[in-house]
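# Tertiary structure, described
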Amino acid sequence: MFIDRAIVSFSAGNGGDGCLSFRREKFIPRGGPDGGDGGKGGDIILVSSPICQSLTDFKYKRQFEAENGGQGRSKKRTGRNGADIILQVPAGTVVKTYPDEKLIYDFERIGQEFVLAKGGKGGRGNIHFRSSVNQAPRRIEKGVKGEAIKVVLELKLIAYAGLVGLPNAGKSTLISKISAARPKIADYPFTTLTPNLGVVDFKNRTLIVADIPGILEGAHQGEGMGLEFLRHIERTRVLLFVIDVSPYTSLAPLKNFQVLENELTMYSERLLQKTIVVAANKIDLAAGDRTGIDALRNYCRRRKIPYVEISALKGVNLDQLKKTIFAFHEPE
Ligand SMILES: Nc1nc2c(ncn2[C@@H]2O[C@H](COP(=O)(O)OP(=O)(O)OP(=O)(O)O)[C@@H](O)[C@H]2O)c(=O)[nH]1
Ligand SMILES: [Mg+2]
């Protein structure tokens, strides 16, 4: 399970001030007060929406301000109400106070709506303050300030697919090409030390994919980074094996697959009951001899394991890969 968090400031709109004005017309001397009320400030409203699946929007923009109400005007006209801001969050989002993290609201289901910050009321114009003793009131009310609040938005995510592969196989390159995630990529093993999540879009559907550190032969005995981080993908639906099929690796593709499978079994037999998809990566480098690649391909075919040849770097066959992964996803 991953936790996605964003700290965001919201301010609702201020109410508009009431207006100070007197009727001024020909032949009507000493016209009475006619200043209208200020409009209400816009609210900030959060809605849990089926379309929204992550808090990414709040990573780019961390401050939202709803519109202020308009000032009241002469001739008893009320100021315009400020527009509300309606923001979508995924179901599963909790809203907490910042910085002490007390629960404010929990979006348990799709379609819930919560007014996080209320717009200020408009002030009354001088029309309201006429009395028997004061026919020409110069009194108005100021608009009320809108509520302002800084909160923590938090979403617990369960990734749908997890990328597993030896160090340097191109997992981070792949997630950076199929999602907005931008993990570090480099030509040496163990570039990735902590998991990264990416939201992958395909034909109006989205799925979360997790990139985790590479696995070495012997990881179950503590080699490399060990297997501890596999707990992050224990609940995924699909395991995507990323296998380097270029001639520049020490392991032949099929052996590479078997090492991964073996390490995963050592961690938990249950992991291998998941759907496995194989991405044969770096196909752009695999000109010439295909013996090793074909051995992996035929093996997958025999075991009915979906197999796609890709180049994460060059963007080859990535749509085909996404289609394959999405095929196991039943819409809720
Ligand atoms: N030619 C080629 N190079 C690739 C491809 N995919 C990844 N690479 C290169 O392989 C190297 C490793 O890529 P990463 O994405 O960091 O690999 P990783 O699997 O995340 O590695 P770790 O995080 O260390 O486990 C980088 O130099 C990438 O540019 C590909 O399809 N073709
Ligand atoms: Mg990596």
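Here is what the cut-offs are and how they apply
- Residues numbered from 1 in each chain as written.
- Chains lettered and ligands numbered in written order.
- Predicted model: local features only at pLDDT ≥ 70, side-chain atom pairs only at ≥ 80, totals over all residues.
- Heavy atoms only, no water.
- Donors = N, O, S within 2.8 Å, 3.2 Å for Na, K, Ca; no water.
- Helix = DSSP H or I, 4+ residues; strand = E, 2+ residues; numbered from the N terminus.
- Buried < 20%, exposed > 50% of the residue type's maximum accessible area, 1.4 Å probe, protein only.
- Pairing = 2+ DSSP bridges.
- Axes fitted to C-alpha atoms, helices over the stretch in contact; angles between N-to-C directions.
- Parallel < 35°, antiparallel > 145°, perpendicular 65-115°, else oblique.
- Contact = heavy atoms within 4.5 Å.
- Nonpolar A, V, L, I, M, F, W, Y, C, P; charged D, E, K, R; others polar.

## Side note on the coordination of the magnesium ion (ligand 2)
- Donor atoms from the polypeptide that bind the magnesium ion (ligand 2) are Ser172 (OG) and Thr192 (OG1), placed at 1.9 to 2.1 Å. Of this pair, Ser172 sits in helix H2 (residues 171-178) while Thr192 sits in the loop between H2 and strand E10 (196-202), and the two are 20 residues apart along the sequence.
- With relative accessibility at 9%, the residue Ser172 sits in the buried group.
- By relative accessible area, Thr192 is classed as buried at 10%.

## Here we look at the sheet that holds strand E2 (residues 44-48)
- Spatially, the three strands line up as an open sheet ordered E4-E2-E7, and their pairing is mixed. The open sheet is flanked by strand E4 (85-89) and strand E7 (113-117), the only strands paired with a single partner. On average, each strand axis in the sheet is inclined to that of its neighbour by 30 degrees, with strand direction left out of account.
- Here E2 pairs with E4 via five bridges, running parallel. When the sheet's bridge partners are listed, Ile44 is paired in E4 with Ile85.

## Remarks on the packing of H2 against helix H5 (residues 318-326)
- With their axes 11 Å apart at the nearest point, H2 and H5 run at an angle of 90 degrees to one another. The pairing of H2 with H5 is recorded here as roughly perpendicular in orientation. Residue-level contacts link Leu174, Lys177 and Ile178 of H2 to Leu318, Leu321 and Lys322 of H5.
- Here the contact of H2 with H5 is composed, by residue class, of four nonpolar, no polar and two charged.

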